[in-house]
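These are the residues of each chain, in order.
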Amino acid sequence: MPTQTYPLRGKQQQQLTISWEDPWENMTIHCDDEPLGQVKNGRKSLRTGVRFPLPDGSRLLLRLAGKEGSEQLLVQQDDKLLWPLPARNLDLAYKRAYMVLYVLGALNAGLAAAQLLFDLNPLQFEAMGIAGIGSIFSGLVLLALGVLVHRQRSLPALYSGVVVYTLDGILGYYVVAQMGGDPGIIGYVARAMFLYYLIQAIPALKSPSPSPPH
């Protein structure tokens, strides 16, 4: 079943998912995970254009353009054309998100455990904001969330990963500052980059998975 995903305009960053059976039959439209409507009469209806109200009050228009057999689905929100998200980019963002959770979890738990076992100075890892038992706990949580994102494409797990990694950074850098350390601009930039990779995967997990991850 062909499926296309579109980013809707607006502050809520919602995703529109359109699925159908060839040739343009049994089309269903979802806004995030909520059903928005169906298109009856397939090609005939889409030739004239089908409109749906969107949750934010804007209007969605679906119509076919081009010759029969080579039609193109045009999707407009309040007369502004929407472009489908490339499936490859979505899949890459999803894979990068769980890999980031795995790496961050392993680093946090491993380096924090080394600090305690070998009595290392936390300032050796000041740029990473890793300090003590709190980093061990957050590392294990990030690893568990990575498994959920990887195996179940869990959107709540991804949101939780963003929150945990943010709070871990705030606490870790606070401890480092109390000890007289300075993470420096590199530490902040690196953490912001990892958070960006996690947030970038949100549209990928909102989109339907073509097959279960292995």
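The structure under discussion appears in the preceding block.
The present account deals with the structure reproduced in this document. (Residues numbered from 1 in each chain as written. Predicted model: local features only at pLDDT ≥ 70, side-chain atom pairs only at ≥ 80, totals over all residues. Heavy atoms only, no water.)

**Re the overall build of the protein chain**
(1) Moving on: In terms of helices and strands, the protein chain carries 6 helices and 8 strands.
(2) Moving on: Start at the N end of the protein chain and walk to the C end: the helices and strands fall as β-β-β-β-α-β-β-β-β-α-α-α-α-α.
(3) Moving on: Taking 2.2 N^0.38 as the reference for a compact globule, 214 residues should give roughly 17 Å; the C-alpha atoms of the protein chain span a radius of gyration of 22 Å, well beyond that estimate.
(4) Moving on: Based on the C-alpha atoms only, the size of the protein chain along its principal axes is roughly 75 × 35 × 25 Å.
(5) Moving on: The burial tally for the protein chain puts 41% of its 214 residues in the buried class.
(6) Moving on: For the protein chain, contacts bridging at least 24 residues in sequence account for 48% of all contacts bridging at least 6.
(7) Moving on: Taken as a whole, the protein chain presents about 12100 Å² of accessible surface, with 60% of it coming from carbon and sulfur.
(8) Moving on: Distance between charge centroids for the protein chain: 8 Å, based on 18 positive and 16 negative side chains. (Helix = DSSP H or I, 4+ residues; strand = E, 2+ residues; numbered from the N terminus. Rg over C-alpha atoms; globule rule 2.2 N^0.38 Å. Buried < 20%, exposed > 50% of the residue type's maximum accessible area, 1.4 Å probe, protein only. Contact = heavy atoms within 4.5 Å. Areas by Shrake-Rupley, 256 points an atom, 1.4 Å probe, with all protein chains shown as cover. Lys, Arg positive; Asp, Glu negative; His and termini not counted. Charge placed at Lys NZ, Arg CZ, Asp CG, Glu CD.)

**Here's the deal with the sheet that holds strand β7 (residues 72–77)**
(1) Moving on: In spatial order, the strands read β5-β6-β7-β8; together these 4 strands make up an open sheet with antiparallel pairing. Of all strands in the sheet, those bounded by a partner on one side alone are β5 (50–53) and β8 (80–81).
(2) Moving on: Taken together, the 6 bridges between strand β6 (residues 59–65) and β7 define a ladder with antiparallel strand orientation. Pairing of Leu60 across the sheet is with Gln77, part of β7. (Pairing = 2+ DSSP bridges.)

**Comments concerning the sheet that holds strand β4 (residues 34–39)**
Across a sheet, strands are paired by hydrogen bonds formed along the backbone, either parallel or antiparallel in direction.
(1) Moving on: Spatially, β1-β2-β3-β4 is the arrangement adopted by the 4 strands of the open sheet, whose pairing is antiparallel. Where the open sheet ends on each side, the last strands, each with one partner, are β1 (3–7) and β4. Each neighbouring strand pair of the sheet contributes to a mean axis angle of 20°, computed without reference to strand direction.
(2) Moving on: Relative to strand β3 (residues 25–31), strand β2 (residues 15–21) runs antiparallel, the two sharing 5 bridges. The residue bridging Ile18 from the neighbouring strand is Ile29, located in β3. (Axes fitted to C-alpha atoms, helices over the stretch in contact; angles between N-to-C directions.)

**Remarks on the packing of helix α3 (residues 132–152) against helix α4 (residues 155–178)**
(1) Moving on: Orientation of α3 relative to α4, taken along the N-to-C sense of each, is 160°, at an axis distance of 9 Å. In this view, α3 runs roughly antiparallel relative to α4, as classed from their interaxial angle. Relative to α4, α3 is oriented so that their crossing is left-handed. Here α3 contributes Ser135, Ser138, Val141, Leu142, Leu145, Leu148 and Val149 to the contact with α4, which in turn contributes Ala157, Leu158, Ser160, Gly161, Val164, Tyr165 and Asp168.
(2) Moving on: The class makeup of the residues in the contact of α3 with α4 is 9 nonpolar, 4 polar and 1 charged. (Parallel < 35°, antiparallel > 145°, perpendicular 65-115°, else oblique. Left-handed = near helix turned anticlockwise from the far one by under 90°. Nonpolar A, V, L, I, M, F, W, Y, C, P; charged D, E, K, R; others polar.)

**Focus on the packing of α4 against helix α5 (residues 184–200)**
(1) Moving on: Where α4 meets α5, the closest approach of the two axes is 9 Å, and the angle between their N-to-C directions is 170°. By the angle class used here, α4 and α5 are roughly antiparallel. On the side of α4, the interface is formed by Leu158, Gly161, Val162, Tyr165, Thr166, Asp168, Gly169 and Tyr173, while α5 contributes Gly187, Tyr188, Arg191, Phe194, Leu195, Leu198 and Ile199.
(2) Moving on: Residues belonging to the contact of α4 with α5 are distributed by class as follows: 9 nonpolar, 4 polar and 2 charged.

**Let's talk about the nonpolar core**
(1) Moving on: Grouped together as the largest cluster of nonpolar side chains are 22 residues, with contacts concentrated most on Tyr94, Val149, Leu158, Leu198, Ala204 and Leu205.
(2) Moving on: Secondary structure elements with two or more residues in this core: α2 (87–118), α3, α4, α5 and α6 (202–206).
(3) Moving on: Among the elements that make up this core, the one with the highest residue count is α2 (8 residues).
(4) Moving on: In this structure, Leu16, Ile29, Val39 and Phe52 belong to the second largest nonpolar core, which totals 20 residues. (Core = buried A, V, L, I, M, F, W, Y, C linked by side-chain atoms within 4.5 Å.)

**Regarding the packing of aromatic side chains**
(1) Moving on: Applying the stated criterion across every chain yields a total of 6 aromatic pairs.
(2) Moving on: On the numbers, 4.9 Å between centres and 20° between planes, the contact of Trp20 with Trp24 is stacked. Trp24 carries the same exposure label as Trp20, and that label is buried.
(3) Moving on: On the numbers, 5.1 Å between centres and 65° between planes, the contact of Tyr173 with Tyr188 is edge-to-face. (Phe/Tyr/Trp six-rings, centres within 6.5 Å; stacked < 30°, edge-to-face > 60°.)

**Some words on a nonpolar patch on the surface**
(1) Moving on: Together, Met99, Val103, Leu107 and Met128 make up a nonpolar patch on the protein surface, roughly 310 Å² of accessible area in all.
(2) Moving on: Here Met99 is to be found in helix α2.
(3) Moving on: Look at Met99 and you get partly exposed, because its relative accessible area is 44%. (Patch = residues over 30% accessible without salt bridge, like charges linked within 9 Å, V, L, I, M, F, W, Y side chains within 5 Å. Salt bridge = Lys/Arg side-chain N within 4 Å of Asp/Glu carboxyl O.)

All quantities given are derived from atomic positions and should not be read as evidence of function.
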